[in-house]
Amino acid sequence: MNCAHRNASRLYVYYLGVSPVGANGGVGKRVVSRLLNRGYQVRSLVRDAKKAQKVLGKNVEIVTADITQPETLTPEIFKDVSKIICCTGTRVQPAQRDTPNREKYSQGVNFFMPEVIEDPQFVEYEGMKNLVAAAKSQLQPSNNKILFDFKNPTQDLKETWGALDDVVMGGVSESSICLTDSGALFSGNVSTENSGGFVSVRTRNFDPPINLLGSAGIELRVKGDGKRYKFFLRCEDKWDGVGYSYSFDTVYNIWITIRIPFKDLIPVFRANVVENAQPFNPNQIYSYQLMLSKFEYNRELNAKFAPGFFQLEVEYIKTYGGDQLPKFVLVSSAGVTRPGRPGLNLDAQPQIVQLNDQLKGLLNWKFKGEEVVRSSGIPYTVIRPCRMTEQQGGQALIFDQGDNIKGIVSRNDIAELCVKALEENRAGNTTFEAKGDQENQATAENWERLFNGLKLDGKKSPLTI
Ligand SMILES: NC(=O)c1ccc[n+]([C@@H]2O[C@H](COP(=O)([O-])OP(=O)(O)OC[C@H]3O[C@@H](n4cnc5c(N)ncnc54)[C@H](OP(=O)(O)O)[C@@H]3O)[C@@H](O)[C@H]2O)c1
């Protein structure tokens, strides 16, 4: 996919770990490659553009700035940026110097007495203030968008939807959509004759495509007939391409609200699941479709299907979750609230906590930087990794809230978490620690459980969550 030509919103990523050879270190470069793979348009902010170009390649826009120098954070840098993942950090190196490729530091397995080579107050705190102040107007919570208000239709809306039934494949089903006092009525007769068995209404393709980035999903207000319907979104302009589908059950003659989380959409081609499809891309929606089909997925039958008359009323279609979806993901650190905590057994703490004074109060400044983000009014996620390593990753993660855990975690897994958090409503306005689960591999169920278990930050500082 050529990101440069897409009508996509920009993500603004602080790239970390530009090392001379680029192979080692850095959550930032891993975040960038994951974002590109997911079809995001990425602009990376770095201090050294030449080094960054070598590591990041050509598909990413690079801008040069320094968060400790507010005059470099110009409005042009933030233009069209819709989200920021910030992975900056004070440079720490072994006190006896690192290898040219920073292997000692990046490895995160062996211990080397560390030293900071920049003042953490400026990078972690003043830098965060500068960055948040410069980007704030660009990252305000998005309001949930009404996509179709069928009770108050515009002329354009009347021309947007049309029937698409199994007659295109030789069937004899028939449907239509018309406006009534309570919304849009999708109704007709569905028949399984001539190997048919589906009716649908679909929008024309939008030009330009609609950008739903920043929402968690689609909400429909419907009154049906007890049957199971499908809703589709399409991220390409092909008429007969991959659709992203969600099945929902209606309740006979009762208005209900259906929420369709983007993360639960299933990529399908003519009712068959497409295993290696591109992930759903919310910033490029070409069309919507409502369908009643005899089939569920992969030739399985729709358990709530019956041929004959059907009707589904729809009051509105809108997005939801925009207020909470994170727009600023900050990679901070486990341990930020521990220095000076009463009753803490320092000997049992990770080295970074024990060495905080020697590191010029690094953790205290990181905590203050977190507070800048939390009080900014921007929907955020603060991720506090335990000690990071260069291990391959792919492990399940363990989250905690309250800043008590210790352990290790792969930078790859933290990068994956940053990208997942962006699209995760439940990660909005949360602060949590993360470490690798050395026993288990990451699975979709595990991610689901992790995000489900997160508690919103309270009004009090997360020191006491
Ligand atoms: N190492 C660990 O075990 C560990 C554990 C938990 C949390 N963390 C934290 O996790 C974050 C990511 O870690 P990492 O290993 O990816 O870090 P890293 O490899 O040390 O990279 C730090 C990056 O921050 C950039 N940076 C520093 N000051 C900057 C400034 N003023 N303006 C713009 N960019 C600046 C650096 O840019 P240059 O390339 O120009 O130097 C560098 O690329 C950091 O905040 C780190 O403190 C680390």
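Scoring rules and cut-offs
Position labels on residues start from 1 in each chain and follow its written sequence. For this predicted model, a pLDDT threshold of at least 70 governs which residues receive local features, and a threshold of 80 or more governs which side-chain atom pairs are given and counted, while totals over whole chains, interfaces and linings are taken from all residues. Hydrogens and waters are ignored; side-chain quantities use all the structure's heavy atoms. Under the DSSP-based scheme used, a helix requires at least four consecutive residues in state H or I and a strand at least two consecutive residues in state E, with every element numbered from the N terminus. We compute the radius of gyration over the C-alpha atoms and compare it with the globule rule, which gives 2.2 Å times the number of residues raised to the power 0.38. The buried label applies to any residue whose accessible area, calculated with a 1.4 Å probe on protein chains only, is under 20% of its type's maximum; exposed applies above 50%, and partly exposed to all values in between. Residue contacts are defined here by distance: any two heavy atoms, one from each residue, within 4.5 Å place the two residues in contact. Accessible surface is estimated by sampling points in the Shrake-Rupley manner with a 1.4 Å probe; for residues, cover comes only from the protein chains shown. Only four residue types enter the tally: Lys and Arg on the positive side, Asp and Glu on the negative side, with His and both chain ends excluded. Charged groups are reduced to one reference atom each: NZ for lysine, CZ for arginine, CG for aspartic acid, CD for glutamic acid. Throughout the structure description, domain borders are defined by an automatic or database domain assignment. Accessible area that two parts lose when put together, with a 1.4 Å probe and added across both, is what the buried area reports. What makes a salt bridge here is a side-chain nitrogen of Lys or Arg within 4 Å of a carboxyl oxygen of Asp or Glu, nothing more. Basically, the charged four are Asp, Glu, Lys and Arg, the nonpolar ten are Ala, Val, Leu, Ile, Met, Phe, Trp, Tyr, Cys and Pro, and anything else, Gly included, counts as polar. Here a pair means two rings of Phe, Tyr or Trp (six-membered ring of Trp) with centres within 6.5 Å. Their orientation is stacked below 30 degrees between planes, edge-to-face above 60, and tilted elsewhere. Counted as over-ring charges are cases with an Arg CZ or a Lys NZ within 6 Å of the ring centre that also lie within 35 degrees of the ring normal. Interaxial angles span 0 to 180 degrees and are taken between N-to-C directions of axes, which are lines fitted to C-alpha atoms, for helices over the stretch in contact. Working definition: roughly parallel below 35 degrees, roughly antiparallel above 145 degrees, roughly perpendicular at 65 to 115 degrees, and oblique for all remaining angles. By convention the crossing between two helices is left-handed if the near helix lies anticlockwise of the far one by an angle smaller than a right angle, and right-handed if it lies clockwise. Under the convention used throughout, the expected extent of a helix is 1.5 Å for every residue step, that is, one less than its residue count. Here the bend at a residue means the angle between the axes of two seven-residue stretches, the one that ends at it and the one that starts at it. Between N or O atoms, a polar contact is any pair within 3.5 Å; within protein, one atom must be a potential hydrogen donor and the other a potential acceptor, and residues adjacent in sequence are included only when both atoms are from side chains. Candidate patch residues must exceed 30% relative accessible area and have no salt bridge, after which like charges are joined if within 9 Å and Val, Leu, Ile, Met, Phe, Trp or Tyr side chains if within 5 Å. As used here, the term nonpolar core means buried Ala, Val, Leu, Ile, Met, Phe, Trp, Tyr and Cys residues forming a set that is joined through side-chain atoms within 4.5 Å.

### Focus: the overall build of the protein chain
The helix and strand tally for the protein chain stands at 10 helices and 25 strands. Here the C-alpha atoms of the protein chain give a radius of gyration of 25 Å, agreeing with the 23 Å that 2.2 N^0.38 yields for 465 residues. A principal-axis box enclosing the C-alpha atoms of the protein chain has dimensions of 80 × 45 × 35 Å. Looking at the protein chain residue by residue over its 465 residues, the buried ones come to 55%. Restricting to contacts in the protein chain with at least 6 residues of sequence separation, those with at least 24 account for 76%. Counting only carbon and sulfur atoms, one obtains 49% of the accessible surface of the protein chain, whose full area is about 20,600 Å². Averaging the coordinates of the 57 positive side-chain charges in the protein chain and doing the same for the 52 negative ones gives two points 3 Å apart.

### A word on the domain arrangement of the protein chain
Often, the extent of an interface is quoted as the loss of accessible area on bringing the components together. What the domain assignment lists for the protein chain is domain 1 (3-141 + 324-464) and domain 2 (146-320). Computed from C-alpha atoms alone, the centre-to-centre distance between domain 1 and domain 2 is 39 Å. At the junction of the two partners, domain 1 supplies 14 residues and domain 2 supplies 12 residues. Of the roughly 1,100 Å² buried at the junction of domain 1 and domain 2 (both faces included), carbon and sulfur atoms supply 49%. In this structure, the connection of domain 1 to domain 2 is made through one salt bridge. Close ionic contact of K263 with E448 constitutes a salt bridge, the shortest N to O distance being 3.6 Å. Here the side of domain 1 that touches domain 2 is composed, by residue class, of three nonpolar, six polar and five charged.

### What to know about the packing of aromatic side chains
By the definition in use, this model includes 16 aromatic pairs. Of the aromatic side chains, those joined through ring pairs into one cluster are F148, F150, W161, F206, F231 and Y288. In this arrangement the basic side chain of K230 is found over the ring face of Y297, its NZ or CZ atom lying 4.6 Å from the centre. Just above the ring of Y125 sits the side chain of K368; from NZ or CZ to the centre is 5.1 Å.

### Some remarks on the packing of helix α1 (residues 27-37) against helix α9 (residues 411-422)
Relative orientation of the contacting elements α1 and α9 amounts to 50°, with a least axis distance of 8 Å. Considered as vectors, α1 and α9 are oriented oblique to each other. In this structure, α1 crosses over α9, and the sense of that crossing is right-handed. Residue-level inspection shows V27, R30, V31, R34 and L35 of α1 in contact with α9, the latter providing R411, N412, I414, A415, E416, C418, V419 and L422. Partitioned by chemical class, the residues of the contact of α1 with α9 number eight nonpolar, one polar and four charged.

### Points about helix α5 (residues 120-135)
Under the 1.5 Å per step criterion, the end-to-end length of α5 is 21 Å for 16 residues, consistent within 8% with the ideal 22 Å. Of all the bends in α5, the greatest, near 35°, is centred on G127. All buried positions along α5 are accounted for by P120, V123, E124, Y125, G127, M128, N130, L131, V132 and A135. Between a side-chain oxygen at the N-terminus of α5 and the backbone nitrogen of Q121 the separation is 3.0 Å; the capping residue is D119.

### Considerations on a nonpolar patch on the surface
On the surface, a cluster of nonpolar side chains totalling about 310 Å² of accessible area is made up of V167, V168 and M169. Along the polypeptide, V167 turns up in the loop between β8 (161-163) and β9 (174-180).

### Considering the nonpolar core
Counting 37 residues, the largest nonpolar core has I218, F231, L233, Y288 and I317 as its most contacted members. Filtering out sequence-adjacent residues up to four positions away, F231 remains in contact with I218, L220, Y244, S245, Y246, F248, I260, Y288, Q289, L290 and I317. Counting residues in hydrophobic clusters, the runner-up holds 36 residues, among them L36, I62, I383 and V409.

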